[in-house]
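Fold and geometry: a report
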Amino acid sequence: MTKVQKSRNISTALQKWKSHFWSVVSFCTIIFYGLIALFAYLLAPDHSQNANQMHLSIHSKPPGYSTKMLIVPNNNTSDTSYSFISRFFKGTPSSDTEIPFHSLKIDSTDLIIFRHPKQEISTAQRISLSTFETTDFQKISRRYTRNTTFWLGTDKYGRDMLSRLLIGSRISFSIGFVAVFISLFIGIIIGAISGYFGGWIDSIMVWLMNVLWSIPTLLLVIAITLALGKGLLQVYIAVGLTMWVEVARVVRGQVMSVKENQYITATKVLGFSHFRRLFYHILPNSFSPVIVIAASNFASAILIESGLSFLGIGAQPPIPSWGSMIKDHYPYIILGKAYMALIPGVALMTLVMSFMLLGNGIRDWLAVKK
């Protein structure tokens, strides 16, 4: 095939894909979420690790809430000891303390913090002036105070909802990539061996697939998670180990169909090994449906992780997860603050729907028959 023909085929394929409007929109949405997940700590207003800076005095505030914030320097540790790479992936491990306030007053030794407009001096919070680099009130006001806006409001612990939503996107993308990789690795190998060799090997593999297929996915994930313990790594492994069956069934069927073609028979006559016939000639012609399955499994992995976090056996606090954010705030639906649960819910729904629509578009593009 000449370079001109290849260029024409690529152009034709792109034109065909662009004709699927919702597939293109979904792809752009996934790229958008992916960039947010990658640069989460750079975009998040709260740069602390896991966006876990709490302000209990301003909990459950509505979107757009603004307040004055006093930044109390942490003199025990220095943020300069952490590299940019560490901050990019993990945030700032030790940040200064933030205190929301209404007004400030200074006396000979302390800075007096009034959190409410009618708060009396006897109940006001005091911080020693030695904490700051200066004792001048104007310099303290200029250097250590700022106006902070919580664009999506605060959660029940006074943490910035926007920051936790952005950083929580990393959990969804990471669980999708890891779980899909594990499911593809196991599913392709087992499905290929089962479909290629047949006989008693195929019978054993099919029996194993049917047994796992009969167990509810969420129940199996919970059992594996409880056996391995709580934590993100355990969730990744558990979700990946429960999603390979569908991949294996599809690959098995494709291999059984492709191995009957004449060019595969010709490889036998030429004396090619089983490994070469399977991995160089059969599997490359069986991957089209696998791509579609991978897109749907990505969406399923995100939903399963959110369900596990909602049940309390997924991402553990203070790690932000969209499922745990919904769990923490669903009681607020009846308290007139439904947005606290709807914001992560809409983000989760949009990402999952994008992967499903992208999978449908890829299926039509590749002309894959169910």
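Now for a description of the structure that goes with this document. In every chain, residue numbers begin from 1 and rise along the written sequence. Side-chain atom pairs in this predicted model are given and counted only at pLDDT of 80 or more, local residue features only at pLDDT of at least 70, and totals for whole chains, interfaces and linings cover all residues. Only heavy atoms go into the side-chain values, all of them from the structure, while hydrogens and water stay out.

1. What to know about the packing of helix α2 (residues 21-38) against helix α15 (residues 339-365)
Axes here refer to lines fitted to C-alpha atoms; in helices the fit is confined to the stretch in contact. Angles between the N-to-C directions go from 0 to 180 degrees. Helix and strand labels come from DSSP, where a helix needs a run of H or I of at least four residues and a strand needs a run of E of at least two; each type is numbered from the N terminus. At a closest axis distance of 8 Å, the pairing of α2 and α15 adopts a crossing angle of 135 degrees. The orientation of α2 relative to α15 falls into the category oblique. Of the two elements, α2 crosses α15, and the hand of that crossing is left-handed. Only Ala347, Thr350, Leu351, Ser354, Phe355, Leu357, Leu358 and Gly361 of α15 make contact with α2, whose side of the interface consists of Trp22, Ser23, Ser26, Phe27, Thr29, Ile30 and Tyr33. Across the contact of α2 with α15, the residue classes break down as nine nonpolar, six polar and no charged. Geometric relationships in this document are graded by angle, where less than 35 degrees denotes roughly parallel, more than 145 denotes roughly antiparallel, 65 to 115 denotes roughly perpendicular, and other angles denote oblique. When the near helix sits turned anticlockwise from the far one by under a right angle, the crossing is termed left-handed; a clockwise turn instead gives a right-handed crossing. Residue contacts are defined here by distance: any two heavy atoms, one from each residue, within 4.5 Å place the two residues in contact. Note on residue classes: Ala, Val, Leu, Ile, Met, Phe, Trp, Tyr, Cys and Pro are nonpolar, Asp, Glu, Lys and Arg are charged, and everything else, Gly too, is polar.

2. Brief notes about the pattern of salt bridges
The salt bridge criterion pairs a side-chain nitrogen of Lys or Arg with a carboxyl oxygen of Asp or Glu, the two atoms within 4 Å. Applying the stated criterion across every chain, the model contains six salt bridges. Across the pair Arg126 and Asp107 runs a salt bridge whose closest N-O atoms are separated by 2.8 Å. Taken as a pair, Arg126 in strand β5 (residues 125-128) and Asp107 in the loop between β3 (103-106) and β4 (110-114) lie far apart in primary sequence, 19 residues in all. A cluster of three or more residues bridged by salt bridges with shared partners is formed by Asp107, Asp110 and Arg126.

3. Comments concerning the packing of helix α7 (residues 199-214) against helix α10 (residues 244-258)
Orientation of α7 relative to α10, taken along the N-to-C sense of each, is 145 degrees, at an axis distance of 10 Å. Taken as a pair, α7 and α10 cross one another with a handedness that is left-handed. Here α7 contributes Asp202, Val206, Leu208, Met209, Asn210, Leu212 and Trp213 to the contact with α10, which in turn contributes Trp244, Val245, Glu246, Ala248, Arg249 and Arg252. Per-class residue counts for the contact of α7 with α10 are eight nonpolar, one polar and four charged.

4. Things to note about the nonpolar core
Membership of the largest hydrophobic core comes to 23 residues, with the highest contact counts inside it found for Phe173, Ile302, Trp322, Leu351 and Phe355. Those elements that place two or more of their residues in this core are α2, α6 (161-197), α13 (288-311), α14 (322-329) and α15. Here, nonpolar core refers to any group of buried Ala, Val, Leu, Ile, Met, Phe, Trp, Tyr and Cys residues whose side-chain atoms link them within 4.5 Å. The buried label goes to any residue with under 20% of its type's maximum accessible area, the exposed label to any with over 50%, and the partly exposed label to all in between, with areas taken from a 1.4 Å probe on protein chains only. Listed in part, the 14 residues of the second largest apolar core include Ala179, Val221, Tyr236 and Leu308.

5. Overview of unusual backbone geometry
Between Pro317 and the following residue, Pro318, the backbone shows a cis peptide bond with an omega angle of 5 degrees. With respect to the helices and strands, the residue Pro318 is situated in the loop between α13 and α14. Phi angles above zero are rare outside glycine, and Ala51 is one such case at about 50 degrees. Structurally, Ala51 can be placed in the loop between α3 (40-43) and β1 (65-72). Accessibility expressed as a relative area gives 0% for Ala51, which makes it buried. Despite not being glycine, Ser60 shows a phi value in the positive range, around 60 degrees. Tracing the chain through its elements places Ser60 in the loop between α3 and β1.

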